[in-house]
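# Coordinates in review
Chain by chain, the residues:
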Amino acid sequence: MSIETVEVGGTIRLGQFLKYAGIAESGAHAREMIEAGDVEVDGQTETRRGRQLHGGEVITVITQAFETSVRVG
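Our subject in this report is the structure included herewith.

Cut-offs used in this document
- Residues numbered from 1 in each chain as written.
- Predicted model: local features only at pLDDT ≥ 70, side-chain atom pairs only at ≥ 80, totals over all residues.
- Heavy atoms only, no water.
- Helix = DSSP H or I, 4+ residues; strand = E, 2+ residues; numbered from the N terminus.
- Rg over C-alpha atoms; globule rule 2.2 N^0.38 Å.
- Contact = heavy atoms within 4.5 Å.
- Core = buried A, V, L, I, M, F, W, Y, C linked by side-chain atoms within 4.5 Å.
- Buried < 20%, exposed > 50% of the residue type's maximum accessible area, 1.4 Å probe, protein only.
- Arc of directions from axis to C-beta.
- Lys, Arg positive; Asp, Glu negative; His and termini not counted.
- Salt bridge = Lys/Arg side-chain N within 4 Å of Asp/Glu carboxyl O.
- Polar contact = N/O pair within 3.5 Å; in protein donor to acceptor, adjacent residues only side chain to side chain.

So, about the overall build of the chain. Counting secondary structure elements, the chain contains two helices and seven strands. Tracing the chain from N to C terminus, the helices and strands come up as β-β-α-α-β-β-β-β-β. Taken against the 2.2 N^0.38 rule, which gives 11 Å for 73 residues, the C-alpha radius of gyration of the chain at 11 Å falls within 12% of a compact globule. When contacts within the chain are restricted to residue pairs at least 6 apart in sequence, those whose partners lie at least 24 apart make up 45%.

In terms of nonpolar packing, the biggest core is built from 18 residues, with Leu-14, Phe-17, Leu-18, Val-39, Leu-53 and Ile-59 touching the most fellow members. Broken down by secondary-structure element, the contributors of at least two residues to this core are α1 (14-20), α2 (27-35), β3 (39-41), β6 (58-62) and β7 (67-72). Those residues in contact with Leu-14, other than ones at most four positions away along the chain, are Ile-34, Val-39, Val-41, Glu-46, Arg-48, Arg-49, Arg-51, Leu-53 and Ile-59.

Of the residues making up α2, those classed as buried are Ala-30, Met-33 and Ile-34. One side of α2 carries all its buried residues, which in axial view fall inside an arc of 95°. Within two residues after α2, Gly-37 carries a phi angle of roughly 80°, on the positive side.

So, on to the side chain of Glu-57. Counting through the fold element by element, Glu-57 comes out in the loop between β5 (52-53) and β6. The buried charged residue Glu-57 lacks any salt bridge, with Arg-51 as its nearest oppositely charged partner at 4.8 Å. A distance of 3.0 Å separates a polar side-chain atom of Glu-57 from the backbone nitrogen of His-54. The contact partners of Glu-57, leaving out residues within four places of it in the chain, are Val-41, Asp-42, Gln-52, Val-70, Arg-71 and Val-72.

The next thing to look at is the pattern of salt bridges. Within this structure, the stated rule accounts for two salt bridges. Here Arg-48 makes a salt bridge to Glu-46, at a shortest N to O gap of 2.8 Å. A residue is classified by how much of its surface remains accessible, and Arg-48, at 49% relative accessible area, is partly exposed. Close ionic contact of Arg-51 with Glu-46 constitutes a salt bridge, the shortest N to O distance being 2.8 Å.

If you want it as structure tokens, here you go:
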């Protein structure tokens, strides 16, 4: 499976990245996914919406509705 890379040009917070990559519809939606334990960073469940992403991390979101993985560029 090929993983899409989303270029961000620097650091970005996890919640912001989920919105920017089109995975979350809003900041509130991103928060709900993170708090529910649906978001992994490099294979580890992440519950901090403010987690800084620097590039190269693989973000995986697994919900009942869908599963997707995106690399931070």
